[in-house]
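Breakdown of the fold
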Amino acid sequence: MEGPYIQIVITGAVVPLQPNVTTVGRGRYTHVRLADPSVSVLHAELVRRDPYVYVSDLGLSRNGTRVNGRLVARRLLSEGDALTFGSARCRVGGIVADEIIDAEPPKSATPELTRRELDVIASLCRPALSDDAFVTPATAREIAADLVVTEAAVKQHLLRLYAKLKIPEGLNRRIRLANEVITLGLAKPQMPDEQRPANAVPWTQGAAAATISRQPTAAHADRRRLTGRTGGTG
């Protein structure tokens, strides 16, 4: 497909962007219609300015608009950015690279992690990268069962991850860790093959539901905000 487009994750539908403004929302007259109760009737706009595209949240929904997991009011977009309107996930593509990356602030360095720590991260974040909206990351017991190791070993890895990623003690520490690693691009969602159009660029490389970037060069995050029960200590 030539030119910028937006891809709806849940259906795999690809919608070319309008020459000037593409409206996104739940309303019947929007260009990109998202049948999700968390999406406002008129939620956001995708605006084209020559080769550049930016998203503008219209402030009409309490659920907001996110780019790579971060709430935004207005944001210049790059190829492959993950857009979340409420809890409806999309991806933008067909954007000419040019020098758009220069418009972004420098990304924080990713700490060096071991292979086993990366395995723990993948298992931790796998529930959050499913199609279900607002789910908690895996528990230490679930990670242990997934990786076929002891729960004590998983807790030791989590402690080291808390230290390396500077996650302070307190409520929902495990959830805050999952948010951080998704923000840093260490765990990314995979669009199901059967939902991906033949002419669309793959969401990520790999076959797993949660893939790992072992040597990330930038903190591109396809993050979904995680929620959890208060009182969890990780």
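**Notes on the sheet that holds strand β3 (residues 21–25)**
Strands belonging to one sheet form pairs held by backbone hydrogen bonds; the direction of such a pair is parallel or antiparallel. Strand order in this open sheet of five strands is β4-β3-β5-β6-β9, and the pairing throughout is mixed. Looking at the sheet topology across the chains shown, the edges are occupied by β4 (32–33) and β9 (74–76). Where strand β6 (residues 52–57) meets β9, three bridges bridge the pair, whose relative direction is antiparallel. Looking at β9, one finds that V55 is bridged to R75.

**Quick look at the packing of helix α3 (residues 151–164) against helix α4 (residues 173–183)**
Interhelical geometry of α3 versus α4 gives an angle of 60 degrees and a closest axis separation of 11 Å. By the angle between their directions, the pair α3 and α4 is classed as oblique. Judged by the sense of rotation from one axis to the other, the crossing of α3 with α4 is left-handed. For the pair α3 and α4, contact is made by L158, L159, L161 and Y162 and by R173, R174 and L177, respectively. Taken together, the residues that form the contact of α3 with α4 break down as five nonpolar, no polar and two charged.

**Structural notes on the packing of helix α2 (residues 140–147) against α3**
The N-to-C vectors of α2 and α3 enclose an angle of 110 degrees; their axes lie 8 Å apart at closest approach. When the axes of α2 and α3 are compared, the pair comes out roughly perpendicular. Viewed along their axes, α2 and α3 form a crossing whose handedness is right-handed. Contact residues: α2 offers A140, R141, I143 and A144, while α3 offers E151, V154, K155 and L158. For the contact of α2 with α3, a count of residues per class yields five nonpolar, no polar and three charged.

Conventions and cut-offs
Residues numbered from 1 in each chain as written. Predicted model: local features only at pLDDT ≥ 70, side-chain atom pairs only at ≥ 80, totals over all residues. Heavy atoms only, no water. Pairing = 2+ DSSP bridges. Helix = DSSP H or I, 4+ residues; strand = E, 2+ residues; numbered from the N terminus. Axes fitted to C-alpha atoms, helices over the stretch in contact; angles between N-to-C directions. Parallel < 35°, antiparallel > 145°, perpendicular 65-115°, else oblique. Left-handed = near helix turned anticlockwise from the far one by under 90°. Contact = heavy atoms within 4.5 Å. Nonpolar A, V, L, I, M, F, W, Y, C, P; charged D, E, K, R; others polar.

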